[in-house]
Amino acid sequence: RCLGLKPQPPRKDTHMTHSLYTNCDTPIGEVRVAASDSGVCAVGLVRGHPDKLLAWLSKHIGPEHRYAENDLLIRAVAQLQEYFSGERQEFDIPLDRRGTPFQQRVWDEVARVPYGTVVSYGEIAARIGRPLAARAVGGAMRANPIPIFIPCHRVVGADGTLGGYGAGLDIKAALLRLENALPT
């Protein structure tokens, strides 16, 4: 269930200096979803890191962020709930991705990894034309502010080990288990 307020229309600023966010209960804990006027810009687990997402918003969007909802956040939360209930395998909401050109290329490729499958960091590096950049791909995964929507949990080590995950390996394993893709 979403822990939010009534929908409010998004502001149409030309220079975004604020964001809206809401919280949603999921099987992996409370998830905070934030949006700018351009799209969902950040997703974070509240467990153990309640202010991490807000700090990211202050740095990358602007100093003003408030707990509220708009149509985009309502859709994002609904799609997350469908994902966790097994009813959704792909997301179709706009994303406001903030990252370097290299990170953007990595995230584009990771977004193409189908539900229920895993690929290695090296495979992603090869797909973007940088076959020796597996570690840099890992760095881009660590910088991904929109996990689940950009499914960095589907990227694992070449030997099938989970590697890292900003929310913790237990969460990465839970997401892969949900998709029946947990490497053995």
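Residues numbered from 1 in each chain as written. Predicted model: local features only at pLDDT ≥ 70, side-chain atom pairs only at ≥ 80, totals over all residues. Heavy atoms only, no water.

Once that is clear, we can look at the overall build of the chain. A count of helices and strands for the chain gives six helices and six strands. Each helix (α) and strand (β) of the chain, taken in turn from the N terminus, gives the series β-β-β-α-β-α-α-β-α-α-β-α. Looking at the chain as a whole, 48% of its 184 residues qualify as buried. In the chain, the share of contacts with a sequence separation of at least 24, taken over all contacts with a separation of at least 6, comes to 59%. On the chain, roughly 9100 Å² of surface is accessible, and the fraction owed to carbon and sulfur atoms is 53%. (Helix = DSSP H or I, 4+ residues; strand = E, 2+ residues; numbered from the N terminus. Buried < 20%, exposed > 50% of the residue type's maximum accessible area, 1.4 Å probe, protein only. Contact = heavy atoms within 4.5 Å. Areas by Shrake-Rupley, 256 points an atom, 1.4 Å probe, with all protein chains shown as cover.)

A few words now on the nonpolar core. Grouped together as the largest cluster of nonpolar side chains are 40 residues, with contacts concentrated most on Val40, Val106 and Met141. Mapped by element, the contributors of at least two residues to this core are strand S2 (29-35), strand S3 (40-45), helix H2 (71-84), helix H3 (101-111), helix H4 (121-127), helix H5 (134-142) and helix H6 (169-178). For this core, the element with the highest residue contribution is H2, accounting for six residues. The contact partners of Val106, leaving out residues within four places of it in the chain, are Ile124, Ile128, Val137, Ala140 and Met141. (Core = buried A, V, L, I, M, F, W, Y, C linked by side-chain atoms within 4.5 Å.)

Right, let's get into the pairing of strand S1 (residues 18-26). Burial analysis of S1 places eight of its nine residues in the buried class, which makes it a mostly covered element. Pairing of S1 with S2 involves seven bridges; the strand directions are antiparallel. Within S2, the residue paired with Asp25 across the bridge is Glu30. Counting the residues between successive antiparallel strands, the hairpin from S1 to S2 contains two residues. (Pairing = 2+ DSSP bridges.)

One number sums up the size of the largest pocket: a volume of about 620 Å³. Looking at the largest pocket, it is lined by 30 residues, and the ones nearest its centre are Val43, Lys52, Asn144, Pro147 and Gly166. Of all the secondary structure elements, the ones that give two or more residues to the lining of the largest pocket are S2, S3, helix H1 (52-60), H5 and H6. Looking at the lining of the largest pocket element by element, the count peaks at four residues for S3. Across the lining of the largest pocket, the residue classes break down as 19 nonpolar, seven polar and four charged. Estimated volume of the second largest pocket: approximately 260 Å³. Glu90, Phe91, Ala111, Phe149 and Pro151 are, among the 17 residues lining the second largest pocket, the residues nearest its centre. Residues that form the lining of the second largest pocket fall into these classes: twelve nonpolar, one polar and four charged. (1 Å grid on protein atoms, 1.4 Å probe; cavity = no way out; pocket = protein on both sides within 12 Å on 5 of 7 lines; lining within 4 Å. Points joined across faces, edges and corners; volume = space filled by probe spheres on them. Nonpolar A, V, L, I, M, F, W, Y, C, P; charged D, E, K, R; others polar.)

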